[in-house]
Amino acid sequence: MTGKAHEVNESTKRTPVANRKFKDTVFRMLFSDKEALLSLYNAVNNSHYTDFGALEIVTLENAIYMGMKNDLAFILDMNLYLYEHQSTINPNIPLRDLFYIAAEYQKLVDKKSLYSSALQKIPNPHFIVFYNGSTPIDDCYTSRLSNAFYHATDNPSLELIVTTFNVNAGHNTELMSHCQILKEYSIYVAKVRSFAEQMPLDDAVQKAVTECIQENILADFLRNNQAEVIAMSIFEYDKVEEEKKLRKAEFDAGVEQGFKQGVEQGIEQGLKQGVEQGINLGQKQASTDTALRLLKTGKFDAKEIAELCHLSIDEVNQLNNQK
């Protein structure tokens, strides 16, 4: 191989195949493909749609509430589906979906028509979560917005119901059997989790990707998007682990700060300030840890890592000098 050819290949190797936002997840990247998404829809609904052209993806890329956004939103047969992927248990998903569905309807409806005498028809909403975290849960359960109300009532004036499916390997076998991509995704996640217990995370992700390609698990997807998948998997795993630490940090920092504030300002205010400090410190540490892992892979430049980890390029360069 000539020196020039080698340089070209190395450059290609270091550049992600697609120009995606690094804040994506592997799940969202996989099912942003209409054919794959229709397969997932059919598995969930026990249906047999074949025309993925009839499926319209309407995910709001810029609809973010408190730093959170929906993974996938699509319309099929005048029904609107919100699909969310979660690696941690979050009891506030119904409330999050409420904000998101309102933003979707604002986009879909002509505001002027709301003042007309004709009824403005809207797609029926459906809310689904695919969970693959390490905390054990049932194969399927529902959560309701009304669970968050201060006063419980049998007939709430406003309700939103979310169905959560456990998509870890070995769970919901019938669902998995009807969506091969979801089944293979669960195997990939299980490999990453298993290898991460035995070796550094960046090595674990690389090993999981390599082994899945060898075993024909998401093989084409992983070959075509290997650099991005590695980056996203590291980021996702680090985020989950940091959230676990953050829960403890929030409590410890809150209690400590609460006592420092004393009775004059009140324990409640002290707890609030302590929690905020704990969150800020935890998020900064998570960004730094992820940036170091990505630098070690040698597959991303400082600008890409800075965007992914919410750091400045100078901060990334400093980390690069320290590694």
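First, a word on what this report is: a plain description of the structure on this page. (Residues numbered from 1 in each chain as written. Predicted model: local features only at pLDDT ≥ 70, side-chain atom pairs only at ≥ 80, totals over all residues. Heavy atoms only, no water.)

### Considerations on the nonpolar core
Point 1. If you look at the biggest cluster of nonpolar residues, it comprises 61 residues, and the most contacted ones within it are F31, Y83, L182 and Y188.
Point 2. Excluding its chain neighbours within four sequence positions, the residues that come into contact with L182 are F27, F31, L40, V167, L175 and M176. (Core = buried A, V, L, I, M, F, W, Y, C linked by side-chain atoms within 4.5 Å. Buried < 20%, exposed > 50% of the residue type's maximum accessible area, 1.4 Å probe, protein only. Contact = heavy atoms within 4.5 Å.)

### What to know about the packing of aromatic side chains
Point 1. For the structure shown, the criterion picks out 11 aromatic pairs.
Point 2. Ring plane angle 50° and centroid distance 4.9 Å describe the contact between F27 and F31, whose orientation is recorded as tilted. Here F31 and F27 lie together in helix α2 (residues 26–31), a separation of 4 residues that amounts to about one turn. Judged on exposure class, the residue F27 and its partner F31 are both buried.
Point 3. Seen in terms of ring centroids, Y81 and Y83 are 6.5 Å apart; in terms of plane orientation they differ by 70°. Their pairing is edge-to-face. (Phe/Tyr/Trp six-rings, centres within 6.5 Å; stacked < 30°, edge-to-face > 60°. Helix = DSSP H or I, 4+ residues; strand = E, 2+ residues; numbered from the N terminus.)

### Quick notes on unusual backbone geometry
Point 1. Phi is positive for N172, close to 45°, though the residue is something other than glycine.
Point 2. With respect to the helices, strands and loops of the structure, N172 is situated in the loop between β6 (161–166) and α5 (173–177).
Point 3. The buried category is assigned to N172, whose relative accessible area is 13%.
Point 4. For L218, which is not glycine, the phi dihedral falls at a positive 50°.

### Quick notes on the sheet that holds strand β1 (residues 56–57)
Point 1. One open sheet accounts for 6 strands, arranged β1-β2-β3-β4-β6-β5; its pairing is mixed. At either end of the open sheet lies a strand with only one pairing partner, and these are β1 and β5 (140–144).
Point 2. Packed onto the sheet, helix α3 (residues 34–45) meets β1, β2 (72–76), β3 (79–86), β4 (124–131) and β6 and runs at close to 95° relative to β3.
Point 3. In this fold helix α4 (residues 93–108) packs onto β2, β3, β4, β5 and β6, with an angle of close to 140° to the strand it touches most, β3. (Pairing = 2+ DSSP bridges. Axes fitted to C-alpha atoms, helices over the stretch in contact; angles between N-to-C directions.)

### Focus: the pairing of β6
Point 1. With respect to burial, β6 is a largely interior element, 5 of its 6 residues being buried.
Point 2. Relative to β6, β4 runs parallel, the two being bridged by 5 bridges. What sits directly across from F127, in β6, is V162.
Point 3. Two elements, β5 and β6, share 5 bridges in a ladder whose sense is antiparallel. When the bridges of β6 are listed, T142 appears paired with T163.

### Quick word on the pattern of salt bridges
Point 1. In this structure the tally under the stated criterion is 5 salt bridges.
Point 2. For E84, the salt bridge is made with R96, and the minimal N-O distance between the two is 2.9 Å. Note that E84 is positioned in strand β3 and R96 in helix α4, a separation of 12 residues in sequence. Across this residue pair, the class does not change: E84 and R96 are buried.
Point 3. Close ionic contact of E159 with R144 constitutes a salt bridge, the shortest N to O distance being 3.8 Å. Here R144 lies in strand β5 and E159 lies in the loop between β5 and β6, a separation of 15 residues in the sequence.
Point 4. According to the relative accessible area criterion, E159 is partly exposed, its value standing at 30%.
Point 5. The class of R144 is partly exposed, set by a relative accessible area of 38%.
Point 6. Salt bridges linked by common partners bring K191, E211 and E215 together as one network. (Salt bridge = Lys/Arg side-chain N within 4 Å of Asp/Glu carboxyl O.)

### Some thoughts on the environment of I230
Point 1. Within the fold, I230 resides in helix α9 (residues 226–265).
Point 2. Between the C-alpha atoms of I230 and D202, which are 28 residues apart in sequence, the distance is 7.8 Å.
Point 3. Apart from the residues within four sequence positions on either side, I230 is in contact with V205, Q206, V209, T297 and K299.

This is a description of form; function is not addressed.
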